[in-house]
Amino acid sequence: MVAVTELMLNAGDVLYREGDPNDCGFIVESGEFILYHQQEGQRVDCERRGPGSIIGELSILTGQPRTVTVQALEKCCVFRVSADEILDRFEKLDPILRACIETSINFAATLNRPAHHQDAIADLAPNTLRNADDLIEKFKFENDILKGLTRKEFFMVYQPIVRLMDGQIVGFEALMRWEHPQLGSVPPSQFIEVAETIDAISDLTEFALTQACATLAQIQNQSADHWDMFMSINVSGSDIGRYDFVDQLDHVLNMNGVQPQNIKLEVTETALIPTSDVSERNLARLRSLGYGISIDDFGTGYSNLAYLKTLPLTALKIDRAFAGDARNSDVSRSIVKFLVSLGGELNVDIVAEGIESIEDVAVLRDLGCRFAQGYYFHRPSSKSDILKLVTQDSLTMLPNESRLSG
Ligand code: C2E
Ligand code: CA
Ligand code: CA
C-alpha cells in the first residue's frame, strides 16, 4: 500500500531546506513552490514546481541530503510519499529504464561538479545495470536469432502423421531446428517465444512455410499416390494477426505448385483466443480458400468450448501430456475420451501427439482417435530421409499384425 500523508502549507512555508536529510518525496496536488539553493552566499532560484509534479525525488534516488530549499509561493497541498515507497517502485522498473535514470542522474552530477573537480574523465562510469550479465545474454540470444536466419542456421525436419487404423502416412508436421554455432542445437521451445517478442517470428514463419511447401511439392511429385498428402506447419498467433499473412501464404504455395487443401496450419488455443478483427478475417479467408486449421496442444490452453464452435477449425491435436499418457493414467484417458467426443461434435479430425509405443496405439484407437504422430512411428527427420521414406513401396508405419482393415 502507498504510504501517503496529505500536508497543507501557506505562502512562505518551507517544505525542507538544502542540506536536510531525506526520507520522503512529495507530490504537489495544488499551489506552487520555488526551489532554490545557496551559491557563494547568494540565493539562486532554480525552478518552480506546481500541481502534478514531484519534489524531493533526486536526493532519494542519490541517497544524498537535500540539494535545494523548497518554499511555498502560495497556499499549497502536497502528498508525502515515503522514500521506501519510491525506492521500492524504482526497483520494480524495467532494468534498462532504471539504468537510464541512474546513469542520467550520475552524469548530470558530473556536469554540475565544479571545474576544479572535472578531472574525473578517466573514471569509469558506475555500473548501473545490476543484472547486466543476464541482459547481455538475452540481447545476444535475440541478436543471434536474427543473424541465424541470414547465416542459414535454421532448418526444418518432418515427422510423419499416420492413420491409426493401418499406420499409413497421411501427411507430415514441419518442425524447426536451429544449429547455433556456439550453443549447438537449440530447441524451438527456447527460441520461438523469444522470436515472438522481437518480431522475428514472421521471418521464421516465412522460412518454415517456404521450406515446408517445397518439401511437400517434392513428396507429391514422386508419385500420384502422394497427391493427397498434407503438410502441417506451426504458425504463431501474431502470424494469423498479420494483415498480409494470407497473401504471403498464397504466394509461397503458388511458387511451389501446392494446393491449400494440402496445407494445415497449426496454432495453439491461447494464440487464437481472443483474436483481433484481422485474425478473425484471416482465419475465415484461410478456410474459404481451403486451408486446414488445427488447434495445437489441445487441452493445455484456454478451452473455451463455446468459442471453439465459432472458429473455422478442421482438426484438434491432443497434446502428448494426455495422448501419450492415456495408457498409464485414468485421468488422461478420460480427457482424451472427452476431447475425441468434442472433436466429433465440432466435426473435426483428431490427431494424437506423442505416441511412443504400440500400447499407446491400441489405447488411442479404442478411444476413437483416427490420426497420430510420435516417436513410435517415426522421429522428426531431415528432408532427405523423409523423401527416401516416401519412395518405399509401403507407406505404413505399423507392423502387419497391428493393422486393422477398413
Ligand atoms: P508441437 O507443435 O507440439 O510439436 C510436437 C513436438 O513434440 C515436437 O517437439 C516433436 O519433436 C515432439 N514429439 C513428437 N513425437 C514425440 C514423442 O513421441 N515423444 C516426445 N516426447 N516428443 C515428441 P519440437 O520439435 O521440440 O517442437 C517443440 C514446439 O516448438 C512445437 O510443439 C511447436 O509448438 C514449436 N515449433 C516447432 N517448430 C516450429 C515452427 O516452425 N514454428 C513455430 N511457430 N513453432 C514451432
Ligand atoms: Ca504443432
Ligand atoms: Ca502439439
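The structure presented is a predicted model; accordingly, all values stated were derived computationally and were not measured.

Some remarks on the pattern of salt bridges
Counted under the stated rule, the structure contains 22 salt bridges. With a closest N to O distance of 2.7 Å, Arg43 and Asp45 form a salt bridge. The class of Arg43 is partly exposed, set by a relative accessible area of 43%. Between Arg333 and Asp330 there is a salt bridge, with the nearest N and O atoms lying 2.3 Å from each other. Of this pair, Arg333 and Asp330 both sit in helix α13 (residues 330–346), three residues apart, which is roughly one turn of that helix. Given a relative accessible area of 28%, Arg333 falls into the partly exposed group. Residue classification places Asp330 among the exposed residues on the basis of a relative accessible area of 54%. Several salt bridges share partner residues, and in doing so they unite Glu173, Glu266, Lys317 and Glu353 into one network.

Structural notes on the pairing of strand β12 (residues 230–234)
Within β12, four of the five residues are buried, leaving the element largely enclosed by the surrounding structure. Summarising the sheet, strand β10 (residues 169–180) and β12 pair through four bridges and their orientation is parallel. Its bridge partner being in β12, Ala174 is matched across the sheet by Ile233. Bridge count between β12 and strand β13 (residues 263–268): four bridges; the pairing is parallel. Directly across from Met231, in β13, lies its bridge partner Ile263.

Topic: the coordination of the calcium ion (ligand 2)
Distances from the calcium ion (ligand 2) to its protein donors, Glu173 (OE), Asn234 (OD1), Glu266 (OE) and Asp296 (OD), fall within 2.1 to 2.3 Å. Between consecutive donors of the calcium ion (ligand 2), the numbers of intervening residues give the motif E-x60-N-x31-E-x29-D. Between the calcium ion (ligand 2) and the calcium ion (ligand 3) the interatomic distance amounts to 3.9 Å, and Asp296 serves as a bridging ligand to the pair. Here Glu173 is found in strand β10, whereas its partner Glu266 is found in strand β13, with 93 residues between them in sequence. A residue is classified by how much of its surface remains accessible, and Glu266, at 1% relative accessible area, is buried.

Focus on the packing of helix α4 (residues 132–150) against helix α5 (residues 188–197)
Look at α4 against α5: their axes get within 10 Å of each other, and the N-to-C directions meet at 90°. One finds that α4 runs roughly perpendicular with respect to α5. Two secondary-structure elements touch here, α4 through Phe141, Glu142 and Ile145 and α5 through Gln190, Phe191, Val194 and Ala195. Across the contact of α4 with α5, the residue classes break down as five nonpolar, one polar and one charged.

Let's talk about the side chain of Ser279
Within the secondary structure layout, Ser279 lies in helix α10 (residues 277–289). Look at Ser279 and you get buried, because its relative accessible area is 5%.

Rules behind the numbers
- Residues numbered from 1 in each chain as written.
- Chains lettered and ligands numbered in written order.
- Predicted model: local features only at pLDDT ≥ 70, side-chain atom pairs only at ≥ 80, totals over all residues.
- Heavy atoms only, no water.
- Salt bridge = Lys/Arg side-chain N within 4 Å of Asp/Glu carboxyl O.
- Buried < 20%, exposed > 50% of the residue type's maximum accessible area, 1.4 Å probe, protein only.
- Helix = DSSP H or I, 4+ residues; strand = E, 2+ residues; numbered from the N terminus.
- Pairing = 2+ DSSP bridges.
- Donors = N, O, S within 2.8 Å, 3.2 Å for Na, K, Ca; no water.
- Axes fitted to C-alpha atoms, helices over the stretch in contact; angles between N-to-C directions.
- Parallel < 35°, antiparallel > 145°, perpendicular 65-115°, else oblique.
- Contact = heavy atoms within 4.5 Å.
- Nonpolar A, V, L, I, M, F, W, Y, C, P; charged D, E, K, R; others polar.

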